[in-house]
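What follows is the residue order along each chain.
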Amino acid sequence: SQRHSLNVNKSAAGTGGGGGGEQQQTATAPTKSKDAMASKASIDEITQHMATTTTTTTTTTAAAATAKKASSAVPLSSRTARSAWGRGAKQLDPMARLTAKITVRLNKITLDNFDTLSHQIIEIFESDIVNTEQLTRLVSLIFEKTVQEHVYGPLYAQLCVALAGKNKSFEEAAFEADGRAVVKQVDFKTVLVKVCQSEFSKGKRAAVFTDEMDETDRGNEVIKQKNILLGTMKFIGQLYLKELLPAQIMTVCLRHLVSGAHRPSEDDLEGACTLLRTVGRGLDADAAINKGELSKYYNRLKSVEKNSREYSVRIRMLIQNLLHLRRSNWHDVNAAAAASRTAAAGGGG
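Reading guide: rules and limits
- Residues numbered from 1 in each chain as written.
- Predicted model: local features only at pLDDT ≥ 70, side-chain atom pairs only at ≥ 80, totals over all residues.
- Heavy atoms only, no water.
- Axes fitted to C-alpha atoms, helices over the stretch in contact; angles between N-to-C directions.
- Helix = DSSP H or I, 4+ residues; strand = E, 2+ residues; numbered from the N terminus.
- Parallel < 35°, antiparallel > 145°, perpendicular 65-115°, else oblique.
- Left-handed = near helix turned anticlockwise from the far one by under 90°.
- Contact = heavy atoms within 4.5 Å.
- Nonpolar A, V, L, I, M, F, W, Y, C, P; charged D, E, K, R; others polar.
- Pairing = 2+ DSSP bridges.
- Salt bridge = Lys/Arg side-chain N within 4 Å of Asp/Glu carboxyl O.
- Buried < 20%, exposed > 50% of the residue type's maximum accessible area, 1.4 Å probe, protein only.
- pLDDT = per-residue confidence, 0-100.
- Phe/Tyr/Trp six-rings, centres within 6.5 Å; stacked < 30°, edge-to-face > 60°.
- Lys NZ or Arg CZ within 6 Å of the ring centre and 35° of its normal.

**Section: the packing of helix α9 (residues 247-258) against helix α11 (residues 291-305)**
In a pair of packed helices, the angle between the axes and the distance between the axes together describe the arrangement.
Logical step 1: The N-to-C vectors of α9 and α11 enclose an angle of 30°; their axes lie 10 Å apart at closest approach. With respect to each other, α9 and α11 are oriented roughly parallel. Crossing handedness for the pair α9 and α11: left-handed. Residues T251, L254, R255 and V258 of α9 pack against E293, L294, Y297, R300 and L301 of α11.
Logical step 2: Looking at the contact of α9 with α11 residue by residue, the classes come out as five nonpolar, one polar and three charged.

**Quick notes on the pairing of strand β2 (residues 181-187)**
Logical step 1: Relative to β2, strand β1 (residues 169-175) runs antiparallel, the two being bridged by seven bridges. Paired with S169 across the two strands is D187, which belongs to β2.
Logical step 2: Between β1 and β2, which pair antiparallel in sequence order, lie five residues; one of them, G179, sits at a positive phi of approximately 90°.

**A look at the pattern of salt bridges**
Logical step 1: Considering all chains together, one arrives at twelve salt bridges under this definition.
Logical step 2: The residue E126 makes a salt bridge to K166 at a minimum N-O spacing of 3.7 Å. Separated by 40 residues along the polypeptide, E126 in helix α4 (residues 114-127) and K166 in the loop between α6 (153-164) and β1 bring together distant segments of the chain.
Logical step 3: By relative accessible area, which is 5% here, E126 ends up buried.
Logical step 4: Among the ionic pairs, D332 bridges to R277, the shortest N-O distance being 3.3 Å. Of this pair, D332 sits in the loop between α12 (313-327) and α13 (333-348) while R277 is found in helix α10 (residues 266-285), placing the two residues 55 residues apart along the sequence.

**Digging into the confidence of the model for the protein**
Logical step 1: Residue-level pLDDT values for the protein average 78, and 68% of them are 70 or greater.
Logical step 2: Within the model, pLDDT remains below 50 along residues 9-38, and this stretch shows 43 contacts once partners closer than five positions in the same chain are excluded.
Logical step 3: In the predicted structure, residues 52-89 sits below a pLDDT of 50 and forms 15 contacts with residues beyond four places in sequence or in another chain.

**Concerning the packing of aromatic side chains**
Logical step 1: Applying the stated criterion across every chain yields a total of four aromatic pairs.
Logical step 2: A ring pair is formed by F114 and Y156, whose centres lie 5.6 Å apart and whose planes are at 80°; its orientation type is edge-to-face. Residue F114 is located in helix α4, and its partner Y156 is located in helix α6; the two are separated by 42 residues in the primary sequence. When sorted by exposure, F114 lands in the same class as Y156, which is buried.
Logical step 3: Plain terms: the ring middles of Y152 and Y156 are 6.3 Å apart, the flat faces sit at 75° to each other, and that makes the pair edge-to-face. Each member of the pair, Y152 as well as Y156, carries the same accessibility label: buried.
Logical step 4: Each member of the aromatic cluster is reached from another via a ring pair, and the members are F114, Y152 and Y156.
Logical step 5: When the ring centre of F125 is taken as origin, the NZ or CZ atom of K168, which lies over that ring, is 5.2 Å away.

Structural data, given as structure tokens:
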């Protein structure tokens with residue numbers, strides 16, 4: 001699979017947060033209805049179950065095997081049962097418990113309940129996150145969920161804006177170029193940049209096949225991994241539009257996707273088109289962007305569009321549509337016409 005590297009320094013990342021030390025804030029919870037309280041209780045029960053399952057799989061499997069053998073001879077006493085099944089629940093791994101608590105909410109998110117569940121995630125950030133390792137897990141889980149569910153991208157980007165706005169940072173040891181050890185302040189925005197770098201560097205992940213998969217399943221797996229790549233580019237673009245990532249990161253991404261240093265793959269080209277369709281208007285208006293460098297990437301795409309021997313018709317059409325969109329000042333005529341037809345149909349009904 002194509003791998004990329006994305007290197008930006010801290011000043012370019014626009015890292016916020018100074019204030020030294022850890023600061024906690026208590027969110028003011030709105031008055032909840034009985035249904036909302038029942039829903040939250042249900043989520044907490046599922047969270048506890050997920051965390052217990054994550055950390056006690058080995059223990060419970062061994063205990064179950066022992067219990068099965070003993071049941072034919074001597075009944076398992078209640079005290080022994082509590083010892084076999086309860087001990088693991090009292091020793092939950094904190095990271096597994098946090099992961100379950102976040103994941104159960106992310107898995108339940110829909111357009112209708114996004115505000116409620118995102119508020120709960122913000123509460124978890126304020127009350128449960130106490131170090132950079134846990135913060136990295138939170139950001140990674142949000143990123144992973146977003147790139148698989150593109151429709152929620154703008155909403156997750158807005159959630160990241162809310163999390164970045166919390167005045168909460170942690171101390172982290174680091175080493176300067178000369179080998180000196182220093183302590184730096186790390187906040188949500190800092191970790192977000194690092195996670196974006198890590199996800200971008202993975203490029204398109206290899207599809208994982210199993211013996212049970214038929215041809216259709218394998219095809220779906222390939223599509224899934226490609227969608228993750230495109231979702232990554234969309235989300236990086238949406239974070240830029242929310243001013244959580246600096247313009248330099250956009251040009252670094254484009255440099256690795258369509259640079260003349262290598263022959264771009266079709267996946268690279270589609271990723272570049274996806275990113276530019278997301279941020280193209282913003283980049284053209286951004287004074288921080290090197291317009292000469294940006295033009296170089298568009299010119300490279302133009303040359304690919306005319307290369308009928310090395311690239312498929314589909315990729316060349318994607319590029320052609322992107323270039324036409326830019327010439328139209330990013331006014332998508334087809335999308336506007338479709339929206340107009342939808343509105344007319346709704347009015348007629």
